[in-house]
Amino acid sequence: MTEKDLSRTIKQCLDNQRSAQKKLYDFLAPQMLSVCLRYTGERMTAEDVLQDGFVTLFTKLDSYKGDGSFEGWARKIFVNTSLMHLRKKDALKMSDDIKEAETLKATTVSQTQNLAYKELMQLITSLPDGFRTVFNLYVIEGYSHKEIGEMLGISETTSRTQLSRARSCLQKRMTEYDHGKKRN
């Protein structure tokens, strides 16, 4: 969709034209479903969160003023909707259950090179909710630890600790995946 088409579609959505809402949904849904999936870890849940995100997007569409990328503006809505879902189910309680993660060495470049994007996303999705959330916010979305702390109601130190543990857990899973792949 070109910028001109997107602007026209947004205007039509603001005029409550259902066909334009469907067009915008079709345009954004694949990208935003992957965002929701990275946070929720389950496809059915991600689809529910996606629907909630679109309700919010269409409700707040008049607040988009054209500053910056529309996709970036929309992504924030879906990230926040995902975080609200995780808060509701109390999934953001930070866990200390993965003790072995603290003793792992750094991942070698070859491990990450051996993983396809889809496989890496599956490993990220399999992280515990709290680890996955901080990892996504910091590594993929680019938020600072201070911003993450404010968003999740945790300290910067807790955010850093959860990121470290998420990386360690991910490194372990990458190693296990790599070893399993070599056996096959």
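Predicted model only: the values in this text are computed from it and were never measured.

Caption draft 1: Representation of the nonpolar core within the structure. Core analysis: the largest hydrophobic core is formed by 45 residues, its most contacted members being Leu28, Leu50, Leu57, Phe70, Trp73, Phe78 and Leu137. Breaking this core down by element, the ones donating at least two residues are α1 (3–14), α2 (18–40), α3 (43–60), α4 (70–88), α6 (117–125), α7 (129–140), α8 (145–152) and α9 (156–183). When residues in this core are grouped by element, the largest group, nine residues, is from α2. Setting aside residues up to four positions removed in sequence, Leu28 forms contacts with Phe54, Leu57, Phe70, Glu71 and Ala74.

Caption draft 2: Inspection of unusual backbone geometry at higher detail. Of note in the backbone geometry, Asn16 takes a positive phi value of approximately 60 degrees without being a glycine. One can find Asn16 in the loop between α1 and α2.

Caption draft 3: Highlighting α4. End to end, α4 covers 27 Å across 19 residues, agreeing with the expected 27 Å (1.5 Å per residue, within 8%). By the burial criterion, the buried members of α4 are Phe70, Trp73, Ala74, Ile77, Phe78, Val79, Thr81, Ser82, Leu83 and Leu86.

Caption draft 4: Quick peek at the pattern of salt bridges. Summed over the entire model, instances satisfying the criterion amount to nine salt bridges. In this structure, the salt-bridge partner of Asp26 is Lys22, at a minimum N-O distance of 2.9 Å. With Asp26 and Lys22 both in helix α2 and four residues apart, the pair spans about one turn of that helix. Assessed through its relative accessible area of 41%, Asp26 is described here as partly exposed. When salt bridges with common partners are traced through the structure, they connect Arg38, Arg75 and Glu141 into a single cluster.

Caption draft 5: Layout of the confidence of the model for the protein chain. Here the protein chain averages 83 in pLDDT, and 82% of its residues register 70 or above. α3 holds the highest mean pLDDT among the elements of the protein chain, 95, whereas helix α5 (residues 109–114) holds the lowest, 44. Across residues 94–114, where pLDDT falls below 50, the model places 35 contacts with residues more than four positions away in sequence or in other chains.

So, how was this worked out
- Residues numbered from 1 in each chain as written.
- Predicted model: local features only at pLDDT ≥ 70, side-chain atom pairs only at ≥ 80, totals over all residues.
- Heavy atoms only, no water.
- Core = buried A, V, L, I, M, F, W, Y, C linked by side-chain atoms within 4.5 Å.
- Buried < 20%, exposed > 50% of the residue type's maximum accessible area, 1.4 Å probe, protein only.
- Helix = DSSP H or I, 4+ residues; strand = E, 2+ residues; numbered from the N terminus.
- Contact = heavy atoms within 4.5 Å.
- Expected span 1.5 Å × (residues − 1).
- Salt bridge = Lys/Arg side-chain N within 4 Å of Asp/Glu carboxyl O.
- pLDDT = per-residue confidence, 0-100.

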